[in-house]
Each structure stands twice: as C-alpha cells, then as structure tokens.
Amino acid sequence: MRTVALQIALCAALSPFGAAVQAAPETAGPSATAPITPIAAPKDRAYAGEIQLKVDASDTGRRVVRVHETLSGVNSDTVLLYPKWLPGTHAPEGTIDRIAGIRISANGAPITWKRDPVEVFAFRLNLKPGTRSIDIDFDYLSPTSPKVGALEMSRDLMLIEWNELVLYPAGYFTRQIPVQVQLTLPADWQFASALETASADHAVTNFKRTPLETLIDSPLYAGRYASKLDLDPGAAVPVHMDLFADRPEFLVMKPEHLEAYRSLVRQAYKLYGSHHYSHYDFLYSLSDQIQQNGLEHHQSSEDGTDPESFTKWDKEAFARDLLPHEFTHSWNGKFRRPADLWTPNYNVPMQDSLLWVYEGQTEYWGQVLAARSGLRTRQQALDQLAITAAHYEVQKGRQWRPLQDTTNDEIINPRRPQSWLDWQRFEDYYSEAALVWLDVDTWIREHSKGARSLDDFAHAFFGINDGSFAVVTYTFDDIVKALNAVEPNDWSAFLRQRLDGIGKPVPEDGFHRGGYKLVYTDTPSDYQSITEDQRKRIDLLNSIGIEIDGKESGKDGTLSQVIWDSPAFKAKLTEGAQILAINGIAYDADVLKDAIRAAHSRPDPIQLIVKIGDRYMVANLDYHDGLRYPHLERDTAEPARLDQILAARP
Ligand SMILES: [Zn+2]
C-alpha cells in the first residue's frame, strides 16, 4: 500500500533540493520554484458524502458523453482527482486529454478551479467556507476516429468506462467513496454490466449505490443488437456472455460453440475450485466499429473480437484464448493481486514488478483453458506455443534486457509502435513468462511423478476464500511458498534465473519435459496460416527476419517488423520500408516466398527494390536457409505431459 507515493512526487520541489539552493545563495543560476501544497494522500476512512453521477451517453452521433456530478461532503480543502493509474492497463493512461467544458458550481454560483501544475489530473477548487456540496459538469469526448484513440462508441454500440466519467475527492480509499449512478442510453438499446440495477424507465437506468472502486471495475456495454447467453445453466452464481454486435446476424452462435464456452466455465471451476463474484458477465463486442478490447475486471471482462468471430469460427482461432484469459483474471489479477500493484486510489502510482504472474500465468492458463474447453484444438494450442517460442529464438533483445525489466513496458510505452520491436522487447511478461510457467508445470509433474501439477498451485493460490470478493494481495515470496507447498524446489532461484538472466536460451524446457521438441519446416501450420490471415500480416521472422503487412491491411508489402541482426537488418531494411520488387518481379508475398525457397540452393542474394519515404534502394538479402516455420514435434524420450496439460479435466 503506497499511500505516500503521490505526496513524495508532489513535494519534490521542497526537499532536499530547495534546502541546498538556499544554503548557497552566491551560486549563480536558477533557484528552486515555490513549493506546491501536497495533495492529501488516500486514507482508509469513510467519505462523509457521496457522488451522484448522471451520465448521458445518448449522443452517439457526436460521440460526446455528458456528465453531471453532484459531490456532497466537500470542504474548503477538497481536491478533485480524475483517474490516472488504471487497473488492467497498470499504467498512467487516464484519459485526461478527453474532458472538456468543465463547470463547477455550488448552489448555482460558479466556482473557479485551477489544475495542479504538477499533477495535472488534480483540480483545486476555490470553495467558500461552509460549502458542503458542489455540482460538476463536463463533457467526455469519446474518440471520433482511431487516430484520436481506440473507438468506444458507434451508432450501434458502445462501451462505457466509468473511470473516464468521474471526478472524485482526494484523501480517501476509493472503496470508501459511495457512488450512485444514473445512465441515459439511446432509446431501445440494451445494456449489460456487473452493476446491479435499482430502477429503469425507458432509456434511463438507476444503479444501486456502489463504492467507487466497484463502479470503476464494472464497465457497461450497450447496443442496438444484443444477445445474452447463459454459460452456466442452473448455477446459483450465474455466468453470462453479453453479446453486442455491429449487425444482428453476427450474434448467431452454433450450439457446439456455445458448448465450448460453457465448458470453459466448467474447466475454470475445476482448475480454481472457487469463484469471487456474485455473477460474472463477459461483455463481448463483435465489432469493427469500436475497439476490439480485452480488459479484465473482478466480476466481468471486456472482450472484443472480429464481427464474424462466430460466423467464421474456424478462421478466428487466434483470438479464441481471449475469454479464457480474461476469465482467469477474475482469480489471477483481480481477486489475488500483486501487493505492489494494488493502490488505494487511481492517482497513486502502480508498480508492475509481478506482471509475469498477473499476466504471464494468466496467458498460460488462457491458452491451456482454451484447449481444455475445446475453444482451440490441442494441435492449435501446440502450434501457438511453437510460434511463441520461435519468435523468442530470433529475438535479440533477450541478450541485454531481462524478462523482469519488461514488466515496466506498459508504463514506458503504452502500446505505441516501436521501430525495433525485438531489440527493445515489449511486454514479454505475457508470452515468455507463459513459457516459464510451462517450465514450472512440467517440472512439478516430472518430480511428483505425475501426482501434482501447476493446477494444484492454481487451486491453492487462487482458490482461497471461495465466494469472497475482498482482494488478497501477494508478494514474490508468497508465490515461492505456494509452489514449495505443491512440490519442494529452490523456486526462488528457479524463477529469478529465468526472470533476471540475460543471453540465456529461450525457456523451452517445458517442451522437452512435456514430450515435445521445437522443429522448423518450410510449411506453416494451418493455425499459423489462419493467424497470419487474421492479423493481416505475413510472418517471415524465422527466415529472413521480417514481418510484412498483408494485402488486407491496405499497406501491402510494408514491413511491420525487422529482426535486429537478421539477414533483413544486414540488408538495411527497417520497419516502414515497402518492398516493391523481388529479383526484378513486382512484389507479391508468394513471389517473395518463392525467391526465399529458390535461394536455398543458390549462392546469389535475393535482390529487393525497396521504398523508404521518397527514396528507393536495392537491398541484397544474403540468406540461403529457406522458409522456416515452427512446429512442436512429439519426442518420445519423455511422457506426453504437454498433452495431459492441454486435455480437458474430467
Ligand atoms: Zn491479461
């Protein structure tokens, strides 16, 4: 609990630098700026008032959400905060740039405000003594195009993130601030949320009073075309899939696919042996009009995939671990949370050091549960693991940057494009950490002679306090202790070696112990082919070292990634360059693949004509190892433990 962090940041001008300047007045140069009054750190005490939040989200044409907030319990010291550090993104990604038209008043009289010059998410008010309640109006300007930000609203559906729509008082834990919300949606729209409805009258819904912490963790999806599917029929604790789509025909799901999602719920309960919600809602958008989101919450998740995810089921296997991943987060991330990541309000900085558990083990269980439930086939699960490992085999950033350090990436770079992705590394605490957890799982299975596994860890660690919503935090030592309770080992050294080491081999011991080995052939797996189609990318990372935007992307032949030190790097290709011709023939992905195959038996380089900005150049690719695509191949030296991991639990 880092209640003092904000204060320290705000007081940086006070000490010790201010004192040093005063002690040496004869020194030429600037002096320290005037100290800034600290903002009250959050305390675990009841807020003596409440937020009444009226949100009008009916203006979908302009994508403007109008907010009217009445905040009681104020005093002359009240400072208003706009949420900055967001759960799920683990970073200061609050949308302060999107609020406009701020007007604050008390009893109808305007109140002047001033933004804190250091913490620009904070607003200081000029309140008269005795003022107990204020009214706040502002507009939330939801992005009008993708260049402004990920789209949240269209004429047919929307997602509402409450953290974008509220100013709250500094000085309190957010679980101590009650909020009452009234929401106006377009007429005839349906909505879904983990929030409990108090009353509804046509387009206006009043929700039951809830702590601010719960409100912000309970987004709402709404739309013209919607469907609600019961994923756990007859259960006392319901789990629903709340679908919202661009067009009604996208909502149709075949019975066998619905059965796979129901199996996901059953398999998750077998794994964790608990639940930590009174009902759970997958808020699921099938849209290319709004962002395709994946964001975890305690009692719901935001899940967005291609509009035709159900109607073209076989082409969408790449995204099919999304719901298993986000569902897992209800246990790993929301109910159990890294101690340094948990914060008392949304303006205290988060620390992301344990994201290799929070995201890494979730990534692992997401893929395992996708296979166990039938959302992916066993072969697709194996192919995904092969692709992941193969990308790390060519990734050069592992030579200088430890996996542990990548846990800072969401703060360093909130998912902006990077010039040299593999040299810089990016959020490898997801997929490289998933390989580490496979390593751990197979180690336990081998040393316990098949009696125990990482399933036992998940059950013991995430399955405590069945039915409780109260967050339980954990540290690195807690992880080590829980692993030791399953199967004794020097887990601290085991994990630290894989987290902190550089230049080490890719963590593929999980494959070997799992009864598989990574091999390369000149043909992609079916799964890799459909994944490339889905991502609109052509993956040649393991041969010449590039990934290319496909025709469907509208940027045909443009390089989206170049591997550091690869043949393409040596030929001076960079991200953003466009291949125009290969050996004198106009660019086409198949022409390039044919040239790579032909160069296998010839000493001549592959000659590319490339456009970079308004310059053209000839690039000679000195590469002769042919096309290389990864696969996992059965190695009978070990039992097929990986098959056991991916098989549905009885
Ligand atoms: Zn996640």
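Residues numbered from 1 in each chain as written. Predicted model: local features only at pLDDT ≥ 70, side-chain atom pairs only at ≥ 80, totals over all residues. Heavy atoms only, no water.

Some thoughts on the overall build of the chain
From N to C terminus, the chain includes 19 helices and 34 strands. Computed over the C-alpha atoms, the radius of gyration of the chain is 27 Å, within 12% of the 26 Å expected from 2.2 N^0.38 for a compact globule of 650 residues. Each of the three principal axes of the chain carries a C-alpha extent, and together these read 85 × 75 × 55 Å. Sorting the 650 residues of the chain into buried and exposed places 55% on the buried side. (Helix = DSSP H or I, 4+ residues; strand = E, 2+ residues; numbered from the N terminus. Rg over C-alpha atoms; globule rule 2.2 N^0.38 Å. Buried < 20%, exposed > 50% of the residue type's maximum accessible area, 1.4 Å probe, protein only.)

Describing the coordination of the zinc ion
Taken together, His325 (NE2), His329 (NE2) and Glu359 (OE) make up the full set of protein donors to the zinc ion, lying 2.0 to 2.1 Å away. If you list the donors of the zinc ion from N- to C-terminus, the spacing comes out as H-x3-H-x29-E. Within this pair, His325 and its partner His329 are both found in helix H5 (residues 322-329), separated by four residues, close to a single helical turn. Of the two residues, His325 and His329, neither departs from the other in class, the shared state being buried. (Donors = N, O, S within 2.8 Å, 3.2 Å for Na, K, Ca; no water.)

Considering the packing of helix H7 (residues 360-373) against helix H11 (residues 431-447)
One way to put it is that H7 packs onto H11 with a least axis distance of 7 Å and a crossing angle of 70 degrees. Put simply, H7 runs roughly perpendicular to H11. Judged by the twist between their axes, the crossing of H7 over H11 is right-handed. In this structure, H7 uses Gly360, Gln361, Glu363, Tyr364 and Arg372 to contact H11, whose residues at the interface are Ser431, Ala433, Ala434, Trp437, Leu438, Asp441 and Arg445. Split into classes, the residues belonging to the contact of H7 with H11 amount to five nonpolar, three polar and four charged. (Axes fitted to C-alpha atoms, helices over the stretch in contact; angles between N-to-C directions. Parallel < 35°, antiparallel > 145°, perpendicular 65-115°, else oblique. Left-handed = near helix turned anticlockwise from the far one by under 90°. Contact = heavy atoms within 4.5 Å. Nonpolar A, V, L, I, M, F, W, Y, C, P; charged D, E, K, R; others polar.)

Some points on the pairing of strand S10 (residues 133-141)
Moving residue by residue along a regular strand, the side chains alternate between the two faces of the sheet. The side-chain alternation of S10 yields one buried face, formed by Ile134, Ile136, Phe138 and Tyr140, and one unburied face, formed by Ser133, Asp135, Asp137, Asp139 and Leu141. In the sheet, strand S2 (residues 64-72) pairs with S10 via nine bridges, with the strands oriented antiparallel. Bridged to Ser72 within S10 is Ser133. (Pairing = 2+ DSSP bridges.)

Things to note about the packing of aromatic side chains
Taken as a whole, this structure holds 37 aromatic pairs when the rule is applied. Taking 5.1 Å as the distance between ring centres and 55 degrees as the angle between the ring planes, the aromatic pair formed by Phe282 and Phe327 counts as tilted. On the criterion of sequence distance, the pair formed by Phe282 in strand S21 (residues 280-286) and Phe327 in helix H5 is long-range, its members being 45 residues apart. The pair formed by Phe282 and Phe327 is uniform in burial state, with each residue classed as buried. Over the ring of Tyr172 we find Arg45; its NZ or CZ atom is 4.3 Å from the centre of that ring. Note that Arg498 overlies the ring of Phe494, its terminal NZ or CZ placed 3.6 Å from the centroid. (Phe/Tyr/Trp six-rings, centres within 6.5 Å; stacked < 30°, edge-to-face > 60°. Lys NZ or Arg CZ within 6 Å of the ring centre and 35° of its normal.)

Remarks on the confidence of the model for the chain
Per-residue pLDDT for the chain has a mean of 94; in total, 96% of the residues score no lower than 70. A low-confidence stretch, residues 1-21 (pLDDT under 50), is modelled with 32 contacts involving residues beyond four sequence positions or located in other chains. (pLDDT = per-residue confidence, 0-100.)

Some thoughts on the environment of Tyr587
Examined against the element boundaries, Tyr587 turns out to sit in the loop between strand S31 (585-586) and helix H18 (589-599). When its relative accessible area of 12% is taken as the criterion, Tyr587 is described as buried. The spacing of Tyr587 and Leu608 is 21 residues in sequence and 8.9 Å in space, taken between C-alpha atoms. Once residues lying within four places of it in the same chain are set aside, the contact partners of Tyr587 are Ile538, Ile548, Asp556, Gly557, Ile579, Leu580, Ala581, Ile582 and Leu592.

Remarks on the side chain of Lys334
In this fold, Lys334 is placed in the loop between H5 and strand S24 (336-338). Residue Lys334 is classed as buried on the basis of its relative accessible area of 2%. Side-chain polar atoms of Lys334 contact the side chain of Asp217, separated by 3.3 Å. For Lys334, the contacting residues outside a window of four places in its chain are Pro87, Asp217, Glu296, His297, His298, His329, Tyr358 and Val471. (Polar contact = N/O pair within 3.5 Å; in protein donor to acceptor, adjacent residues only side chain to side chain.)

Some thoughts on helix H12 (residues 454-462)
Leu454, Asp455, Phe457, Ala458, Phe461 and Phe462 are the residues of H12 that are buried. One face of H12 carries all of its buried residues, which in axial projection span an arc of 155 degrees. Capping the start of H12, Ser453 holds a side-chain oxygen 3.1 Å from the backbone nitrogen of Asp455, two or three residues further along. (Arc of directions from axis to C-beta.)

Digging into the environment of Ala317
Assignment of secondary structure puts Ala317 in the loop between strand S23 (300-305) and H5. Of the residues examined, Ala317 reaches a relative accessible area of 1% and is grouped as buried. Between the alpha carbons of Ala317 and Ile530 there is a distance of 7.7 Å; along the sequence they are 213 residues apart. Each residue touching Ala317, except ones within four places of it in the same chain, is listed here: Arg376, Gln380, Tyr527 and Ile530.

Quick word on the pairing of strand S32 (residues 606-612)
With four bridges connecting them, strand S30 (residues 578-582) and S32 associate as antiparallel partners. Considered in S32, the bridge of Gln578 is made with Lys611. Looking at chain direction, S32 and strand S33 (residues 615-621) are connected through seven bridges and run antiparallel. Paired with Ile612 across the strands is Arg615, a residue of S33. In this antiparallel pair of consecutive strands, S32 and S33, the connection spans two residues, and Gly613 shows a positive phi of 65 degrees.

Regarding the pattern of salt bridges
If you walk through the whole model with that rule in mind, you get 41 salt bridges. Between Glu119 and Lys84 there is a salt bridge, with the nearest N and O atoms lying 3.1 Å from each other. Here Glu119, found in the loop between strand S8 (113-115) and strand S9 (122-125), pairs with Lys84, found in the loop between strand S3 (79-81) and strand S4 (85-86); they are 35 residues apart in sequence, far enough to count as distant. The buried category is assigned to Glu119, whose relative accessible area is 4%. Given a relative accessible area of 18%, Lys84 falls into the buried group. The salt bridge involving Asp455 is made with Arg372; its shortest N-O contact spans 2.8 Å. (Salt bridge = Lys/Arg side-chain N within 4 Å of Asp/Glu carboxyl O.)

A look at the sheet that holds strand S19 (residues 226-230)
In a beta sheet, neighbouring strands are held together by backbone hydrogen bonds and run either parallel or antiparallel to one another. As summarised here, the arrangement of the five strands in space is S19-S20-S21-S23-S22, forming an open sheet in which the pairing is mixed. Since the sheet does not close on itself, it has two edges, and those belong to S19 and strand S22 (294-296), each with one partner. On average, each strand axis in the sheet is inclined to that of its neighbour by 15 degrees, with strand direction left out of account. Of the strands in this sheet, strand S20 (239-245), S21, S22 and S23 are in contact with H5, which crosses S23 at around 165 degrees.

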